[in-house]
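An overview of the molecular structure
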Protein chains: 2
Amino acid sequence: MPTLASAITTPDPAALEEWLDDTPDRGERERQLRDLAAPDRARLVAGLDPELADRLLAVIEPRTAANLLTSASPVAAAGLLASLDSDIAADILREIPEPTSASLIGALPPARALVLNGLLSWPPESAAAHMVPEALVISQGQDVESALTQLRLQTAAAPVDSLVAAYVYVVDDERRLLGVVSLQQLVLAAPGTQVADLTETDIIAVEADTDDEVAARTLTDNRLAALPVVDKDRRLLGVITADRAADIVEDENTEDAERQGGSEPLEVPYLQASPVRLWRKRVVWLLVLFIAEAYTGTVLRYFEDELDAVVSLAFFIPLLVGTGGNTGTQITTTLVRAASTGEVRLRDLGKVLPKELSAAVMISATMAAVGLLRAWTLGVGWPVMITVAVSLAAIVLWSAFVASILPLLLTKTKIDPAVVSAPMIATIVDGTGLLIYFMIAKSIIPELSH
Amino acid sequence: MPTLASAITTPDPAALEEWLDDTPDRGERERQLRDLAAPDRARLVAGLDPELADRLLAVIEPRTAANLLTSASPVAAAGLLASLDSDIAADILREIPEPTSASLIGALPPARALVLNGLLSWPPESAAAHMVPEALVISQGQDVESALTQLRLQTAAAPVDSLVAAYVYVVDDERRLLGVVSLQQLVLAAPGTQVADLTETDIIAVEADTDDEVAARTLTDNRLAALPVVDKDRRLLGVITADRAADIVEDENTEDAERQGGSEPLEVPYLQASPVRLWRKRVVWLLVLFIAEAYTGTVLRYFEDELDAVVSLAFFIPLLVGTGGNTGTQITTTLVRAASTGEVRLRDLGKVLPKELSAAVMISATMAAVGLLRAWTLGVGWPVMITVAVSLAAIVLWSAFVASILPLLLTKTKIDPAVVSAPMIATIVDGTGLLIYFMIAKSIIPELSH
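**Details of the overall build of chain A**
Helix and strand counts for chain A stand at 21 helices and 6 strands. Against the compact-globule benchmark of 22 Å for 450 residues, chain A has a radius of gyration of 30 Å, which places it well outside the compact range. Along the first, second and third principal axes, the C-alpha atoms of chain A reach 95 × 55 × 40 Å. When each of the 450 residues of chain A is scored for burial, the buried share is 59%. Of the contacts made within chain A by residues no fewer than 6 positions apart, 67% connect residues no fewer than 24 positions apart. Looking at chain A as shown, the accessible area adds up to about 17,000 Å², and 61% of this sits on carbon and sulfur atoms. For chain A, the distance from the average site of its 34 positive side-chain charges to the average site of its 59 negative ones is 4 Å.

**Side note on the interface of chain A and chain B**
The interface of chain A with chain B comprises 130 residues on the first partner and 130 residues on the second. Taken together, both faces of the contact between chain A and chain B bury some 11,100 Å²; the carbon and sulfur share is 59%. When residues of chain A are sorted by the area they lose upon contact with chain B, Arg223, Tyr270 and Phe290 of chain A head the list and together hold 8% of the total. Seen at the junction of chain A and chain B, the total is 18 salt bridges. Residue Lys351 of chain B is joined to Asp35 of chain A by a salt bridge in which the shortest nitrogen-to-oxygen separation is 3.4 Å. The dominant element in the side of chain A that touches chain B, judged by the number of residues it contributes, is helix H16 (residues 275-302) of chain A, at 19 residues. Of the residues contributing to the side of chain A that touches chain B, the split by class is 62 nonpolar, 31 polar and 37 charged.

**Concerning the pattern of salt bridges**
Tallied over the full model, the rule gives 60 salt bridges over all chains. A salt bridge links Glu255 of chain A to Arg259 of chain A; the nearest nitrogen and oxygen atoms lie 3.8 Å apart. Placement of both Glu255 of chain A and Arg259 of chain A in helix H15 (residues 242-260) is noted, with a separation of 4 residues, approximately one turn of the helix. Looking at Arg259 of chain A, the relative accessible area reads 18%, which means it is buried. Between Arg176 of chain B and Asp172 of chain B there is a salt bridge, with its nearest N and O atoms 3.2 Å apart.

**Quick word on the nonpolar core**
Membership of the largest hydrophobic core comes to 183 residues, with the highest contact counts inside it found for Leu57 and Tyr169 of chain A together with Leu57, Tyr169 and Leu186 of chain B. Not counting residues up to four positions away in its chain, the partners in contact with Tyr169 of chain A are Ala135, Leu136, Val137, Ile138, Leu177, Gly179, Val180, Ala226, Leu227, Pro228, Leu236 and Val239 of chain A. The next biggest cluster of nonpolar side chains, apart from the first, holds 72 residues, and it includes Leu300, Val310 and Ala314 of chain A together with Val396 of chain B.

**Brief notes about the domain arrangement of chain A**
You'll often see interface size given as the accessible area lost when the parts meet. Each assigned domain of chain A is listed here: domain 1 (4-121), domain 2 (136-251) and domain 3 (270-448). Look at where the C-alpha atoms of domain 1 of chain A and domain 3 of chain A centre, and you get two points 49 Å apart.

**A look at a nonpolar patch on the surface**
Residue and element names in this part refer to chain A. Where nonpolar side chains cluster on the molecular surface, the patch consists of Trp382, Ile386 and Val390 and spans about 290 Å² of accessible area. One can find Ile386 in helix H20 (residues 382-410). Residue class for Ile386 comes out partly exposed when judged on its relative accessible area of 35%.

**Focus: the pairing of strand S6 (residues 236-241) of chain A**
Residues and elements named next belong to chain A. Taken across its 6 residues, S6 has 5 buried, putting it largely inside the fold. The pairing of strand S5 (residues 226-230) with S6 spans 5 bridges and is classified as antiparallel. Along S6, the bridge assignment pairs Val229 with Gly238. In sequence, S5 turns back onto S6 through a hairpin of 5 residues, with Arg234 there showing a positive phi of about 65°.

**As for the side chain of Glu28 of chain B**
On the secondary structure map, Glu28 of chain B appears in helix H3 (residues 26-34). A distance of 2.8 Å separates a polar atom in the side chain of Glu28 of chain B from a polar atom in the side chain of Arg347 of chain A. Polar side-chain contacts of Glu28 of chain B include one of 3.0 Å to the side chain of Arg31 of chain B.

**A few points about helix H11 (residues 144-157) of chain A**
Here H11 of chain A contains 14 residues, and its C-alpha end-to-end distance of 21 Å stays within 8% of the 20 Å for a straight helix at 1.5 Å per residue. By the burial criterion, the buried members of H11 of chain A are Val144, Ala147, Leu148, Leu151 and Thr155 of chain A. The buried side chains of H11 of chain A occupy one side of the element, clustering within an arc of 95° when seen end-on. Looking at H11 of chain A, the residues exposed on the side facing more than 90 degrees away from the buried face are Leu153, Ala156 and Ala157 of chain A. Contacts from the buried residues of H11 of chain A go to strand S1 (136-139), strand S2 (167-171), helix H12 (183-188) and helix H13 (195-198) of chain A together with helix H12 (183-188) of chain B.

**Here we look at the sheet that holds S6 of chain A**
Residue and element names in this part refer to chain A. Taking strand neighbours across the sheet as the criterion, the 3 strands line up as S4-S5-S6 in an open arrangement whose pairing is mixed. The sheet is open, and its two borders are formed by strand S4 (206-207) and S6, each paired with just one other strand. Across 2 bridges, S4 lies against S5 in parallel orientation. Its bridge partner lying in S5, Val206 is registered against Val229.

**What to know about the confidence of the model for chain A**
Mean pLDDT over chain A works out to 92, with 100% of the residues at or above the 70 mark. At the level of individual helices and strands, chain A shows its lowest average pLDDT in helix H1 (residues 4-9) of chain A, which scores 84, and its highest in S5 of chain A, which scores 98.

**Considerations on the packing of H20 of chain A against helix H21 (residues 422-444) of chain A**
To characterise two packed helices, one gives the angle between the axes of the helices and the distance between these axes. Here H20 of chain A crosses H21 of chain A at 145°, and the two axes come no closer than 9 Å. Judged by the sense of rotation from one axis to the other, the crossing of H20 of chain A with H21 of chain A is right-handed.

**Brief notes about the sheet that holds strand S6 (residues 236-241) of chain B**
Two orientations exist for strands paired in a sheet by backbone hydrogen bonds: parallel and antiparallel. Residue and element names in this part refer to chain B. Spatial ordering of the open sheet is given by S4-S5-S6, a layout of 3 strands whose pairing is mixed. Looking at which strands have only one partner, the edges of the open sheet turn out to be strand S4 (206-207) and S6. Strand contacts of helix H14 (residues 212-221): S4, strand S5 (226-230) and S6, with the helix running at about 140° to S5, the strand carrying the most contacts.

**What to know about the packing of aromatic side chains**
Scanning all chains against the criterion turns up 10 aromatic pairs over all chains. For the ring pair Tyr302 of chain A and Phe303 of chain A, a centre distance of 5.0 Å and an interplane angle of 90° mean the geometry is edge-to-face. The exposed category is assigned to Tyr302 of chain A, whose relative accessible area is 64%. Taking the centre distance of 5.3 Å and the plane angle of 55° together, the rings of Tyr437 of chain B and Phe438 of chain B count as tilted. In this structure, Tyr437 of chain B and Phe438 of chain B share a single accessibility class: buried. One aromatic cluster is present, built from ring pairs that chain together Tyr302, Phe303, Tyr437 and Phe438 of chain A. If you follow Lys355 of chain A out to its NZ or CZ, it ends over the ring of Tyr270 of chain B, 5.3 Å from the centre.

**Regarding the relation of the copies chain A and chain B**
In screw terms, the move from chain A to chain B is a rotation of 180° and a rise of 0.0 Å along the axis, fitting with an RMSD of 0.0 Å. Expressed as a symmetry operation, the mapping of one chain copy onto the other fits a two-fold axis. A shared interface surface links the copies, since 100% of the contact residues of chain A are contact residues in chain B too.

**Overview of unusual backbone geometry**
Note: most residues except glycine have negative phi, and most peptide bonds are trans. Residues and elements named next belong to chain A. Phi is positive for Arg223, close to 50°, though the residue is something other than glycine. You can call Arg223 buried: its relative accessible area is 11%. A positive phi angle, near 70°, is found at Glu267, a position not held by glycine. Residue placement: Glu267 occurs in the loop between H15 and H16.

What counts as what
Residues numbered from 1 in each chain as written. Chains lettered and ligands numbered in written order. Predicted model: local features only at pLDDT ≥ 70, side-chain atom pairs only at ≥ 80, totals over all residues. Heavy atoms only, no water. Helix = DSSP H or I, 4+ residues; strand = E, 2+ residues; numbered from the N terminus. Rg over C-alpha atoms; globule rule 2.2 N^0.38 Å. Buried < 20%, exposed > 50% of the residue type's maximum accessible area, 1.4 Å probe, protein only. Contact = heavy atoms within 4.5 Å. Areas by Shrake-Rupley, 256 points an atom, 1.4 Å probe, with all protein chains shown as cover. Lys, Arg positive; Asp, Glu negative; His and termini not counted. Charge placed at Lys NZ, Arg CZ, Asp CG, Glu CD. Buried area = accessible area lost by both parts, 1.4 Å probe. Salt bridge = Lys/Arg side-chain N within 4 Å of Asp/Glu carboxyl O. Nonpolar A, V, L, I, M, F, W, Y, C, P; charged D, E, K, R; others polar. Core = buried A, V, L, I, M, F, W, Y, C linked by side-chain atoms within 4.5 Å. Domains from an automatic or database assignment. Patch = residues over 30% accessible without salt bridge, like charges linked within 9 Å, V, L, I, M, F, W, Y side chains within 5 Å. Pairing = 2+ DSSP bridges. Polar contact = N/O pair within 3.5 Å; in protein donor to acceptor, adjacent residues only side chain to side chain. Expected span 1.5 Å × (residues − 1). Arc of directions from axis to C-beta. pLDDT = per-residue confidence, 0-100. Axes fitted to C-alpha atoms, helices over the stretch in contact; angles between N-to-C directions. Left-handed = near helix turned anticlockwise from the far one by under 90°. Phe/Tyr/Trp six-rings, centres within 6.5 Å; stacked < 30°, edge-to-face > 60°. Lys NZ or Arg CZ within 6 Å of the ring centre and 35° of its normal. Least-squares fit on C-alpha atoms with pLDDT ≥ 70 in both.

Quick look at the structure:
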């Protein structure tokens, strides 16, 4: 297997292409690019022709591509940018700071610069920011031969990606979307067929300012190769392709995972995040949770006399709050995921709650049984044993109730349900779980009931 | 916006198609299908023509599609199955129990039955199980006109999906993969062009028994519309399409999320999971974690005298172990996600560990400061205040160390790093964190140092 370093030092430019084919794993490519010394990096960029740049820069992190481009001269970098799909070029330009990116765009052919400036002017989280404006369009009322001739003229100057070319859109004189026909149907139709006979006029499209995640899910939910983006008057602005939708969904999944772990999304690839960024993204939630958790100290001090009288009650504190947190975490992660894929919404609460509470009853019975056993092995006596078992059952039920409702409530708000993280649910259950524990202890243990 | 129930009762079959176009959200479609009464469900299936079935059954959960099909007569169901893309039909058939599915396949045209039985014979987690065998192929050494004629003949009988048709594969007499050309290039090339001049001979392909997740990531990592699946002799067996790859990645993401929440993957859509299944998938990990957590009771009993002497030490137990668990969870979720997308591997430990420990030093300083403040507000005196602050710093560092190493170690094994869940890391840190706390207490608090 050739390494990137060896491919660069080979005089044959095909070596780099071979390296790309033999290194289909994106992580591995990033690793080798990252480990490149500065002179090798410059040599890599210098050796790129437009076709190779198109292949390489499209399949690495936009940040890595931006680093590569800025290590070349502005003219050379502009030359490489010119060959990329517009959506990918825009993605890379977003990672390049202002004066440099503007000068790069300035060095592009005017038509191309116009397209890229157009893309960059959309809010980064809108559907339009991710589109390829060069969708294939034909006018209505022709047969397939003349349609193909029209397409040949359109793509002669700039070939488009296979996903962009999967569908051909039928538009009117003002570029309003009338219908869609797959390229395959156009090509494979019997000669003389009218385009109108092949055209599907019910089209799923999104407006330019649609949230990019909604657009991406719309594409994947409907198994499309590309999704048209239109303006308020239904004029075709471009298409989002399936590969881009996969990127958007993956980024959303990464953000959800980070939120679920109780931190703010890093917003950059992990290995490119500095320790200060890690600290900044994590410490906010740690402090919020610390303050919330500090309440457990107040609860415990309130029950100081009980703890003093029956010190063995303290043995079970981590076990009880831990089990409560675990039960709650299991439920929230499942529900947050189901909410994120659009499977559950607040209106499903009537189905979710009975299901979760039924499961929780079974789980609480199981945990009460093993809790009894564990208390017995610690030799704490019957009153504490029963307190532990009953508390476990009660905490599991309480935790299930909170964990079932919280993420679903957030689906109705602007807040991402993924903020209901494992640490958050554990924190909520910790304080309330201790309250439950000591209240049960006071009503069961003779020394404490006064 | 039309509802499914109203679309079914409308005599016009176009009403259902309109419903599909106006309900692009998969979750909403599932919800309306689920709420359908049995007679309406039967009426829906009866009203499906092959084209509509192709549209509807491809964009709903395979389980839901299986339920719809089994509510029709076997002959009608086979008729609907015949019109679906092979990979989707196989996916639905996997959800139908044995005797019924075999009789459905038996009612299909023999060629189609052969294809589907072929797909079903692959292990469900192999690349080949997810492929569409009807890839477009042409023979070498011809010009684009004759290639297109060959393709027209191939697709006349069975049209293929746009994603399948994005690429045309050049094969030899034994169907060995020689190269690939995009349909777009074939169509838009100047007349008389030789196919060989357009063919790319370096092709990324996967073998039939490749893990489906690896195949899906290979497709998305390289921004492909479809990925060829070959046998040991590099004969083309079929292609995996981008929409299917997105399904596989999403299923993997759901499994990872469930594992990260400390349960076994549900393996069915959440709303289709029974309470008993929820209990079964969750209780295993709860018991494992309970047993591991039970160790905290042993630690606390061991320090019973210290707790008795300075009962205020107990106030901080949930806060300390909670913060340790939170810090660890933040790190593991980030690393598990980065491992899942292929961004980090064990060999990156040399980069990950210094980064995480640097961040942890900043976090431990922050948490020690707020810990000191919190202990002061509880009025526990200087020795306990200092114990709490020092313990917080130590536990944060310890937790960061464990959480950085554990997921990366698992990338070298067959175990999914996602099993390093929030509950697991919390459990590991709970017991060890208490040990750290009491050891620090004994060395700092005068009453305990004997």
